[in-house]
Amino acid sequence: MDRFEIASGVAGLKAYEPGKPLSELEREYNISDAVKLASNENPLGPGLLVQEAMRAAVADQSRYPDGNGFELKKVLAQHHAVELNQVTLGNGSNDILELIARVFLYPGREALFSEHAFAVYPIVTQAVGATVMTTPAKDYGYDLDALLAAINDKTAVIFIANPNNPTGTWLDELSLKSFMDKVADDIIVVIDEAYFEYVQKETYPDSTQWLAEYGNLIVTRTFSKAYGLAGLRIGYGLSSLSIADLLNRVRQPFNVNAMAQIAALAALKDEAHLQQSIQMNINGMQQLTRGFADMGLSWIPSVGNFVCLELGGMAGRVYNRLLYEGIIVRLIANYDLPHHLRITIGSRLEIERFLSALDRVL
Ligand SMILES: *Cc1c(COP(=O)(O)O)cnc(C)c1O
């Protein structure tokens, strides 16, 4: 390793650590039937319409996918009332975040976001040699005033997760819109709405509706969470036509595979499955937080499909003991939250198993 010259940003990077895979836990601990509540996946998975569409397409995988994703972009454009070419498809929405970094960030430029923000923002920023700037959180969430105050002439991209992962905190329409009004229009603002469908707050904004107003806005969405397609890797960005054109210049020709495009199209038609997933999350959130309250524990209020449980100095030990119980949750010390564990809202049974394991461990 040592004898290679590497890109300046890469030296300071650490590889993203995903939640422990179920198969790995089962192998290492010689158990079966483990429960994973660590990566914010939808416990229902893909609906039957998606499964049927994929099954029907299995034999037809010898050709390259439609590199322009025409059919899917057409439906997404209708869905969001934008032009087809305002949609950029990604191999997961993380792919879009990376395209944004490759277009707008380079050595000498800065990406700005909050403390405890999504881990992919620093990775894509440093990977292209740009600099990370973070502002202190307010109540674990984004402090938009601090963000505004931190803008300088090197600031090129601002990443805002709404809601944020791992904290589940969110920004309301009034605050976020007035923030957009104050940011100079030559700075890209990315509003990452990976958990959009789950949020049940009256004043939570759909920032895709602001695209006509702000030429510097990019909104990202994904099929990984409420749509239950995390394994297929598909997400998208919405932006002005000129930004979309820039993103497409650095996009790999066939970044979104054919099966993912087929599945996403079917998922968009299955409103009932989406609603069922959302309702399941509402119920699960109640079940989980009621369980925490019964044990006298505190948590960060979340509008996503996950919650951060506060355990003080015990978090690491509780995480390890839960593994022995066959339960994988998420350590978030890498988000500067060493006293919390992030728990994904699973099925009713999974939450039940988690809560009783947690009770035993504590
Ligand atoms: C899960 C998540 C994503 C989505 O990632 P995909 O690449 O679409 O699977 C994006 N942003 C945040 C904040 C997330 O938590």
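This structure is a prediction, so every number in the text was calculated from the model and none was measured.

Caption draft 1: Looking closely at the nonpolar core. Counting residues in hydrophobic clusters, the biggest one holds 81 residues, and the most contacted among them are Tyr121, Val157, Ile158, Phe159, Ile160, Phe179 and Phe223. When residues in this core are grouped by element, the largest group, eight residues, is from helix α10 (residues 258-269). Apart from the residues within four sequence positions on either side, Ile158 is in contact with Leu112, Leu147, Ile151, Phe179, Val183, Ile187, Ile188, Val189 and Val190. Counting residues in each nonpolar core, the second largest holds 29 residues, with Ala38, Val329, Phe354 and Val361 among its members.

Caption draft 2: Here's a closer look at the packing of aromatic side chains. The full count for this structure, using the stated rule, is 13 aromatic pairs. Relative to Phe159, the ring of Tyr121 lies with its centre 4.7 Å away and its plane at 5°, an arrangement referred to as stacked. Here Phe159 lies in strand β5 (residues 155-161) and Tyr121 lies in helix α6 (residues 120-127), a separation of 38 residues in the sequence. As far as burial versus exposure is concerned, Tyr121 and Phe159 are alike and both buried. Considering the side-chain rings of Phe223 and Tyr227, the 5.0 Å spacing of their centres and the 55° angle between planes classify their relative orientation as tilted. Aromatic rings pair up to connect Phe113, Phe118, Tyr121 and Phe159 into one cluster. Over the aromatic face of Phe196 sits the side chain of Arg221, whose NZ or CZ is 3.7 Å from the ring centroid. Directly above the aromatic system of Phe306 lies the positively charged group of Arg342, at a separation of 5.9 Å from the ring centroid.

Caption draft 3: Expanded view of the site of the ligand. The immediate surroundings of the ligand are formed by Gly92, Ser93, Asn94, Phe118, Asn165, Asp192, Ala194, Tyr195, Thr222, Ser224, Lys225 and Arg233. Between the ligand and the protein, one listed contact pairs an oxygen atom with a backbone N or O atom of Ser93 at 2.7 Å. Note that an oxygen atom of the ligand is positioned 2.7 Å from one of the side-chain N or O atoms of Arg233. Summarising the interface, the protein chains cover 94% of the accessible area of the ligand, which totals 390 Å² for the free molecule. Considering only residue class, the shell around the ligand consists of three nonpolar, six polar and three charged.

Caption draft 4: Focus on the side chain of Thr167. Structurally, Thr167 is set in the loop between β5 and α8 (173-182). Of note is the side chain of Thr167, whose polar atom sits 3.0 Å from the side chain of Asn164. Not counting the four nearest positions on each side in its chain, Thr167 is found in contact with His116, Tyr140, Ile300, Pro301, Ser302, Phe306, Cys308 and Leu337.

Caption draft 5: Highlighting the sheet that holds strand β12 (residues 330-331). Read from one edge of the open sheet, four strands run β9-β10-β13-β12, paired in antiparallel fashion. Strand pairing shows two members of the sheet lacking a second neighbour, β9 (298-300) and β12, which therefore form its edges. Pairing between β12 and strand β13 (residues 340-344): two bridges, direction antiparallel. Bridging from a neighbouring strand, Arg330 pairs with Arg342 of β13.

Caption draft 6: Seen up close, the sheet that holds strand β3 (residues 110-114). Ordered by their spatial adjacency, seven strands build an open sheet running β2-β8-β7-β6-β5-β3-β4, and the pairing between neighbours is mixed. The strands lining the two open edges of the sheet, one partner per strand, are β2 (87-90) and β4 (131-135). Sheet twist, expressed as the average angle between the axes of neighbouring strands with direction ignored, equals 20°. Inspection of the sheet shows strand β7 (residues 217-222) paired to strand β8 (residues 235-238) by four bridges, in the antiparallel sense. Bridged to Thr222 within β8 is Gly235. The strands touched by helix α5 (residues 93-104) are β2, β5, β6 (188-192), β7 and β8; relative to β7, the strand with the most contacts, the crossing angle is about 155°.

Caption draft 7: View of a nonpolar patch on the surface. The grouping of Phe4, Ile6 and Val10 at the surface amounts to a nonpolar patch, some 300 Å² of accessible area in total. With a relative accessible area of 57%, Phe4 lands in the exposed category.

Caption draft 8: Representation of the pairing of strand β10 (residues 306-310). Along β10, four of the five residues are buried, which leaves the element largely enclosed by surrounding structure. Pairing of β9 with β10 involves three bridges; the strand directions are antiparallel. In the sheet register, Ser298 faces β10, and the bridge partner there is Glu310. Here β9 folds back onto β10 in antiparallel fashion, the turn holding five residues.

Caption draft 9: Unusual backbone geometry, seen in detail. The omega torsion across Asn162 and Pro163 is 0°, close enough to zero to call that bond cis. Take Pro163: it is sitting in the loop between β5 and α8. The phi dihedral of Asp33 falls on the positive side, at around 65°, and the residue is not glycine. Structurally, the position occupied by Asp33 is in the loop between α2 (22-29) and β1 (35-36). Residue Asp33 is classed as exposed on the basis of its relative accessible area, which comes to 55%.

Rules and cut-offs
- Residues numbered from 1 in each chain as written.
- Predicted model: local features only at pLDDT ≥ 70, side-chain atom pairs only at ≥ 80, totals over all residues.
- Heavy atoms only, no water.
- Core = buried A, V, L, I, M, F, W, Y, C linked by side-chain atoms within 4.5 Å.
- Buried < 20%, exposed > 50% of the residue type's maximum accessible area, 1.4 Å probe, protein only.
- Helix = DSSP H or I, 4+ residues; strand = E, 2+ residues; numbered from the N terminus.
- Contact = heavy atoms within 4.5 Å.
- Phe/Tyr/Trp six-rings, centres within 6.5 Å; stacked < 30°, edge-to-face > 60°.
- Lys NZ or Arg CZ within 6 Å of the ring centre and 35° of its normal.
- Near = heavy atom within 4 Å.
- Polar contact = N/O pair within 3.5 Å; in protein donor to acceptor, adjacent residues only side chain to side chain.
- Areas by Shrake-Rupley, 256 points an atom, 1.4 Å probe, with all protein chains shown as cover.
- Nonpolar A, V, L, I, M, F, W, Y, C, P; charged D, E, K, R; others polar.
- Pairing = 2+ DSSP bridges.
- Axes fitted to C-alpha atoms, helices over the stretch in contact; angles between N-to-C directions.
- Patch = residues over 30% accessible without salt bridge, like charges linked within 9 Å, V, L, I, M, F, W, Y side chains within 5 Å.
- Salt bridge = Lys/Arg side-chain N within 4 Å of Asp/Glu carboxyl O.

All we've got here are geometric facts, nothing functional implied.
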